[in-house]
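Fold and contact review
The residues making up each chain are set out below.
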Amino acid sequence: MKSSAKSKRSSAKRQSRDPEATKAKILDAAEEEFARHGLAGARTEPIAANIGFTKAMIHYYFGTKEELYQAVLERYAATFLVAVETLNLENLSPPDVLRTFLRAAVAHEVNNPYQGKVLLHEAMGNEGRYFKLTGWEVPINLGVSFLQKGMDEGYFRPLDPWLTMIHIMGTVTFYFNAENNLRNLVPASEWLAPQAIEAYAESAIAFILAGVLKHSQANG
């Protein structure tokens, strides 16, 4: 026991020399705790214990539990936007922009497995009180602009771009948010295996494009 405690203190000391790495590790552990219990039910003790830190260190970097929760929310859209910025979308046609954007969205879901659960707790437990902190209006509006550009240039059918973006969000996220339930319907399926994710991404992209492309574009 003494050896284990000493090891944890040593690990915390090394981490404290790299503040950004320390904060990232705390946020990762906190995200899992908030995904399981929401803001109201989460506790900082298991977060600290999970990574071998003290509660004092968590409070030093993030203040209260509520401030830690807000910091977790603020990471989501930021990481997605960083990924989108590397895609070089400027020279692509609107359909290819949408395909590339959707693949980035699926990859984001894969890389952030607790996000949907945290946001579900936010919607149900907090009635969306802190949702604006996620910054998701920026990538959502970016998607809306892609759709509008496709309509203006004659690639996409005349649709309400905002409502269409909501449908797209539902298509992309439901698979991951409901995976624990869906696996009970098809227990043999490896829902999160790379080949399953690839098949899902291809299916989702085909489904969305079939809905937004003009008939002549879809057949062309």
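Quick notes on the rules
Residues numbered from 1 in each chain as written. Predicted model: local features only at pLDDT ≥ 70, side-chain atom pairs only at ≥ 80, totals over all residues. Heavy atoms only, no water. Helix = DSSP H or I, 4+ residues; strand = E, 2+ residues; numbered from the N terminus. Buried < 20%, exposed > 50% of the residue type's maximum accessible area, 1.4 Å probe, protein only. Contact = heavy atoms within 4.5 Å. Arc of directions from axis to C-beta. Core = buried A, V, L, I, M, F, W, Y, C linked by side-chain atoms within 4.5 Å. pLDDT = per-residue confidence, 0-100. Salt bridge = Lys/Arg side-chain N within 4 Å of Asp/Glu carboxyl O. Phe/Tyr/Trp six-rings, centres within 6.5 Å; stacked < 30°, edge-to-face > 60°. Axes fitted to C-alpha atoms, helices over the stretch in contact; angles between N-to-C directions. Parallel < 35°, antiparallel > 145°, perpendicular 65-115°, else oblique. Left-handed = near helix turned anticlockwise from the far one by under 90°.

Here we look at the environment of Leu182
- When you line up the elements, Leu182 lands in helix H10 (residues 179–185).
- Classification of Leu182 as buried rests on a relative accessible area of 18%.
- For the pair Leu182 and Lys132, spaced 50 residues apart in the sequence, the C-alpha separation amounts to 29 Å.
- Once residues lying within four places of it in the same chain are set aside, the contact partners of Leu182 are Phe174, Tyr175 and Trp191.

A word on helix H3 (residues 44–51)
- For H3, the full list of buried residues reads Thr44, Ile47, Ala48 and Ile51. One side of H3 carries all its buried residues, which in axial view fall inside an arc of 95 degrees.
- Residues of H3 that are buried sit in contact with helix H2 (19–41), helix H4 (55–62) and helix H5 (65–85).
- A positive backbone phi angle near 75 degrees is found at Gly52, which sits one or two residues after H3.

As for the nonpolar core
- In this structure, Ile26, Phe34, Leu68, Leu98, Leu147 and Ile168 are the most contacted members of the largest nonpolar core, which totals 62 residues.
- For Leu147, the residues in contact, after removing those within four places along its chain, are Leu98, Phe156, Pro161, Thr164, Met165, Ile168 and Val212.

Regarding the confidence of the model for the protein
- In this model, the protein carries a mean pLDDT of 89, and residues with pLDDT of at least 70 account for 90%.
- Mean pLDDT values over the elements of the protein span from 51, in helix H1 (residues 2–16), up to 96, in helix H11 (residues 194–212).

Describing the pattern of salt bridges
- Per the stated rule, a full pass over the model turns up 11 salt bridges.
- When the shortest N-O distance is used, the salt bridge between Asp96 and Arg99 registers 2.6 Å. You can see Asp96 and its partner Arg99 sitting in helix H6 (residues 94–111), three residues apart, about one turn around the helix.
- The shortest N-O distance in the salt bridge between Arg103 and Glu198 comes to 2.8 Å. With Arg103 in helix H6 and Glu198 in helix H11, this residue pair connects regions lying 95 residues apart in the sequence.
- The exposure class assigned to Arg103 is partly exposed, which follows from its relative accessible area of 33%.
- Owing to a relative accessible area of 38%, Glu198 belongs among the partly exposed residues under this scheme.
- Counted as one network, the salt bridges with shared partners bring together Asp28, Glu31 and Arg75.

Structural notes on the packing of aromatic side chains
- With the rule as written, the count across this model stands at 10 aromatic pairs.
- Here the aromatic rings of Phe34 and Tyr69 are separated by 5.0 Å at their centres, their planes lie at 75 degrees, and the arrangement is edge-to-face. Residue Phe34 is located in helix H2, and its partner Tyr69 is located in helix H5; the two are separated by 35 residues in the primary sequence.
- The class of Phe34 is buried, set by a relative accessible area of 1%.
- Taken together, a centroid distance of 5.3 Å and an interplanar angle of 80 degrees make the contact between Phe101 and Phe146 edge-to-face. Of this pair, Phe101 sits in helix H6 while Phe146 sits in helix H8 (residues 137–152), and the two are 45 residues apart along the sequence.

Regarding helix H7 (residues 115–125)
- For H7, every residue scored as buried is listed here: Gln115, Gly116, Val118, Leu119 and Glu122. All buried residues of H7 project into a common sector of 160 degrees when viewed along the axis, lining one side. Relative to its buried face, H7 has exposed residues pointing more than 90 degrees away, namely Leu120, Met124 and Gly125.
- Looking one or two residues past H7, Glu127 carries a phi angle of roughly 55 degrees, positive in sign.

Details of the packing of H5 against H7
- For the pair H5 and H7, interaxial distance at closest approach is 11 Å and the crossing angle is 125 degrees. What the angle tells us is that H5 and H7 run oblique. Of the two possible hands of crossing, H5 and H7 adopt the one that is left-handed. Between H5 and H7, the contacting residues are Tyr69, Leu73 and Tyr76 on the first element and Gln115, Val118, Leu119 and Glu122 on the second.

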